[in-house]
Amino acid sequence: MMTTLVKKEILANILSFRFVVSTLLLLIVIPATTFILTNDYLRRVDDASLRRAEIETYMRNYAHFNRIGGILQPEEAPIPFHALIRGLSADANLGEFDNDPLPVMFPLIDLVFIVTIVMSLTALIFAYDAVSGEKEDGTLKLMLANALARPGIILAKIAGGGLTLLMPFLLSLVVSLLVILIRPGIAWKGQDWGALAMVTLGAVFYVMLFYSLGVFISTRHQSSSSSIMTSLLVWVLLVLVIPNLSPYAASFLAPTPSRIQVEREAARLGDTERDKLGRKLQAERLSGLVARYPILAERLSENEKKRLMEQDPAAREAFAAATKASQEAWDEANRIQSEKMAAVRREADLKEEAQTRLARTISLASPLAVFTFTATDLTSTGLRNQAHFSRLSRLWGEDFGNYVRKRVAELQAKDPTADWWNTAVDMSDRPRFEYREEALSGRVSAALPGLGLLFGYGLIFFALAYVSFLRYDPR
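Report on the accompanying structure. (Residues numbered from 1 in each chain as written. Predicted model: local features only at pLDDT ≥ 70, side-chain atom pairs only at ≥ 80, totals over all residues. Heavy atoms only, no water.)

**Here we look at the overall build of the chain**
- Tallying secondary structure elements over the chain gives 16 helices and zero strands in all.
- When the backbone C-alpha atoms are referred to their principal axes, the chain occupies close to 115 × 50 × 35 Å.
- The proportion of buried residues among the 475 residues of the chain is 42%.
- Look at the contacts in the chain between residues 6 or more apart in sequence, and 86% of them connect residues 24 or more apart.
- Total accessible area on the chain is roughly 25200 Å²; 62% of this is exposed by carbon and sulfur atoms.
- Between the mean site of the 52 positive side-chain charges and the mean site of the 50 negative ones, the chain shows a separation of 5 Å. (Helix = DSSP H or I, 4+ residues; strand = E, 2+ residues; numbered from the N terminus. Buried < 20%, exposed > 50% of the residue type's maximum accessible area, 1.4 Å probe, protein only. Contact = heavy atoms within 4.5 Å. Areas by Shrake-Rupley, 256 points an atom, 1.4 Å probe, with all protein chains shown as cover. Lys, Arg positive; Asp, Glu negative; His and termini not counted. Charge placed at Lys NZ, Arg CZ, Asp CG, Glu CD.)

Written out as structure tokens, the structure is:
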């Protein structure tokens, strides 16, 4: 009997107009979106390759240690999953505005948007009259009059309706994957397919969650018109209101200084205050050398210094000692001020991280936020990947800093009089930043709580629909 009820529910849904419209919509939107995103991904790959070539050209011609800070910046390589999911950081990528302004002015939709917005709304449209509509048509009374058990009826409605709803979605997803497979230049690896399987599982949980919610709402109304209005209200609250209000609530509960204020303070520490400290330390160290090398107290031009260094070994020793002392003084000033700048930025980062965690926690009351975080974390396109990228950037920064200090020390040992910070140097052996995605096992571990939460929400709505239908008055 259960199988018969499920087949009846599936057949009734398939023959409905809303199923035809939903199928056509998904078959058009998902593959078309994938086609556009694949083009965007391939363009970003070409742009990244061009930028790397330009940096190498610049470094071959103008590689000064004191001028490469703004050139050698870690850059996140385009991720193959961007062909399907844009990710949470895409809106902030204003650096691409000059190349292609359309994605910034009119953000593209992606699989996450389709699942969270389109599929949730479609699920409620499918479910709003699952029970109240049957009552209006009089079929519910007939079913109960034929001694059909209420638990079997509600189970069949949720199972049959959910399966019907998932058919066009999964079919559209398969078509979009064919779009990815036939495009040259997009090579998904095993971990990408594994992540897609987990995202699809999360999408199934999400769709069934909203379908169960729609059935529950239907069991709380006597007419389908009032049921759909309540469904729309709940959808707006869960999908639009809670996720959008959570950042404002978090900023009110855990305020942070603006990034402009932080960078202004860091610039003051690294510019004005550093120069003041550097000159002070330099004067202190040189004053200690004057007693040993009186020639340092004389006001000599650069040409006179060079002439003395070529003719007098004692003068060469004195000026080498002065250069070393000056360099040590400025190194000490840079170290002290860098630590102060890092402390200011670290404090701001900690406050921002705390605010982000709070906003994320508040937003988890919405299934939309749960699925978005889960899908983007699984596909390396979300907040978790930003933290992973920051870790890789920090490690590369430490390696490059060690490389710079080592090279400058080697060059100064060969020629103590040269200003190697402002002289072109061959840096072809410098450490390069290489972005690697986090391993799939780590992403899956991080996504399991989200998947469990989606399943839990679905279970709660199913239980509410089940209990409510057992008490439903079919008259």
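Having seen it, we continue.
**Describing the nonpolar core**
- One finds Phe210, Val215 and Phe371 to be the most contacted residues of the largest nonpolar core, which totals 90 residues.
- Counting nine residues, the second-largest nonpolar core is a separate cluster that includes Ile295, Ala315, Phe319 and Ala325. (Core = buried A, V, L, I, M, F, W, Y, C linked by side-chain atoms within 4.5 Å.)

**Some points on the environment of Ser326**
- Checked against the element boundaries, Ser326 lands in helix 13 (residues 313-363).
- Judged by its relative accessible area of 14%, Ser326 is buried.
- On a C-alpha basis, the gap between Ser326 and Arg279 in space is 9.0 Å, while along the polypeptide they are 47 residues apart.
- Discounting residues that sit within four places of it in the chain, Ser326 has contacts with Gln282 and Leu286.
- At a separation of 3.1 Å, a polar atom in the side chain of Ser326 contacts the side chain of Gln282. (Polar contact = N/O pair within 3.5 Å; in protein donor to acceptor, adjacent residues only side chain to side chain.)

**Some words on the pattern of salt bridges**
- In this structure the tally under the stated criterion is 28 salt bridges.
- For Arg407, the salt bridge identified is with Glu410, shortest N-O distance 3.9 Å. On the criterion of helical spacing, the pair formed by Arg407 and Glu410 is a turn pair, its members being three residues apart in helix 15 (residues 383-414).
- Three or more residues are tied together by salt bridges with common partners; here these are Arg259, Glu263, Arg345, Asp349 and Glu352. (Salt bridge = Lys/Arg side-chain N within 4 Å of Asp/Glu carboxyl O.)

**Overview of unusual backbone geometry**
- A positive phi angle, near 60°, is found at Ser380, a position not held by glycine.
- Here Ser380 shows up in the loop between helix 14 (367-378) and helix 15.

**Points about the packing of helix 8 (residues 190-219) against helix 9 (residues 224-253)**
- Their axes nearest at 9 Å, the elements helix 8 and helix 9 cross at an angle of 140°. By the angle class used here, helix 8 and helix 9 are oblique. In terms of crossing hand, the pair formed by helix 8 and helix 9 is right-handed. Contact with helix 8, carried on its side by Tyr206, Phe210, Leu213, Ile217 and Ser218, involves Ser227, Thr230, Ser231, Val234, Trp235, Leu238 and Val239 of helix 9 and no other residues of that element.
- Here the residues of the contact of helix 8 with helix 9 sort into eight nonpolar, four polar and no charged. (Axes fitted to C-alpha atoms, helices over the stretch in contact; angles between N-to-C directions. Parallel < 35°, antiparallel > 145°, perpendicular 65-115°, else oblique. Left-handed = near helix turned anticlockwise from the far one by under 90°. Nonpolar A, V, L, I, M, F, W, Y, C, P; charged D, E, K, R; others polar.)

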